[in-house]
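Working through the structure, step by step
Spelled out from the first residue to the last, the chains are:
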Amino acid sequence: AVGQEVASGDALGVLDTERVTRRVAEEEARRQGIDAPLEALDEARDAEVASADSQHRADLNAIDVAEARHQQAVSALRVAEAEARRTAELREQGLASAADLERDSEAAAQQRAAVDAAASEFDQARWRRQQNDSEHRANLADWDRQIAALKAEREQLRASSQRLGQEVSDRVIRASVDGRLGEVAELRPGAVVAAGERIALIIPSGGLMVSARFPAASALGRVKAGQGAVMRLDAFPWIHYGRVEARVARVGSETAAGSIRVELEVLEAPADVRLEHGLSGSVAVTVERVSPLDLLLRAVGKRAAALR
């Protein structure tokens, strides 16, 4: 209502937010719907990491066992070959039979086959470890891609929700300063307003200022801050009520339509007049003090210049 006191941030009106609020709810529902699959993916990835670690330890243990068997087979081969050589020497000396030599040679051959088998087993164990490690790395990369995609989508939805939330907040028209409502548009619920349309005018709290406009050609360079001034109010004849005493506070530097803006602070007002926002009148600023003779001489000089 006109004349109502408002504080900065008070809501003066609310534009329809149903459509935006519905979109906010939809975005939030979609974002919450991502949390469950994302949690499942995180658990699956953790399980994959645990499985990869367990498989890696098992593969290393298999490699160690295969290596030990290979070394054991190599050692047994050395013994068998040494035994076969001794039997061959004894055979040459006539101290061993042909059957003994054939038996020891066969044993050495079997042991060589065992060494080859152990070496093959050792190579296969290392190959299986590499294959398992590669497979687990590929699985982890796939889990990471899916998790990253869901997280990116969730962040997009969060950003969209925040943006829509800001749109909801922007549809609440709030007072920008403390003050009093000096003008209010006649609007009813359901009325349509356009962007930039003024719906209220707030008169800020604080002392009143006088705002005047003077012709730029005569005021520029002559009207300065600190000069005294008087204001005659249109609604209160100055002969009866008196004048408002003022002082120049600020002088504009840019012209508009051939005039400049001058702001003045009120020093003293007539006792019978209550100063309010919107009062109009005329302002006279004291730019200098001269004697009547000086004024006469100036007038004569201007007249003479005009005649020439």
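Described below are features of the structure shown in this document. Values in this document were obtained by computation on a predicted structure and should not be read as measured data.

1. Overview of the nonpolar core
Residues Phe214, Val223, Val248, Val262, Leu264 and Val285 are the most contacted members of the largest nonpolar core, which totals 17 residues. Only strand 6 (209-215), helix 3 (216-219), strand 7 (228-233), strand 8 (244-251) and strand 9 (259-268) provide two or more residues apiece to this core. Excluding its chain neighbours within four sequence positions, the residues that come into contact with valine 248 are Val223, Lys224, Ala225, Gly226, Gln227, Val262, Glu263, Leu264 and Val285.

2. Re the sheet that holds strand 7
Backbone-to-backbone hydrogen bonds pair the strands of a sheet. The strands run either parallel or antiparallel. On the basis of which strands lie adjacent, the open sheet formed by five strands has the order 6-9-8-7-10 and antiparallel pairing. Sheet topology places strand 6 and strand 10 (281-285) at the edges, where each strand pairs with a single neighbour. Within this sheet the neighbouring strands show an average axis-to-axis angle of 40°, counted without direction. Relative to strand 8, strand 7 is paired through four bridges, and the arrangement is antiparallel. In the strand pairing of strand 8, glycine 228 is matched with arginine 247.

3. Focus on a nonpolar patch on the surface
Side chains of Leu293, Leu296, Leu297 and Val300 sit close together on the surface and give an oily, nonpolar patch of about 400 Å² of accessible area. When you line up the elements, valine 300 lands in helix 5 (residues 292-307).

4. Concerning the sheet that holds strand 4 (residues 179-184)
Spatial strand order, 1-4-5: three strands in an open sheet with antiparallel pairing. Each edge of the sheet is formed by a strand with only one pairing partner; in this case those strands are strand 1 (5-6) and strand 5 (200-204). Note: strand 1 against strand 4, two bridges, orientation antiparallel. Counterpart to glutamate 5 in the pairing with strand 4 is arginine 180.

Parameters at a glance
Residues numbered from 1 in each chain as written. Predicted model: local features only at pLDDT ≥ 70, side-chain atom pairs only at ≥ 80, totals over all residues. Heavy atoms only, no water. Core = buried A, V, L, I, M, F, W, Y, C linked by side-chain atoms within 4.5 Å. Buried < 20%, exposed > 50% of the residue type's maximum accessible area, 1.4 Å probe, protein only. Helix = DSSP H or I, 4+ residues; strand = E, 2+ residues; numbered from the N terminus. Contact = heavy atoms within 4.5 Å. Pairing = 2+ DSSP bridges. Axes fitted to C-alpha atoms, helices over the stretch in contact; angles between N-to-C directions. Patch = residues over 30% accessible without salt bridge, like charges linked within 9 Å, V, L, I, M, F, W, Y side chains within 5 Å. Areas by Shrake-Rupley, 256 points an atom, 1.4 Å probe, with all protein chains shown as cover. Salt bridge = Lys/Arg side-chain N within 4 Å of Asp/Glu carboxyl O.

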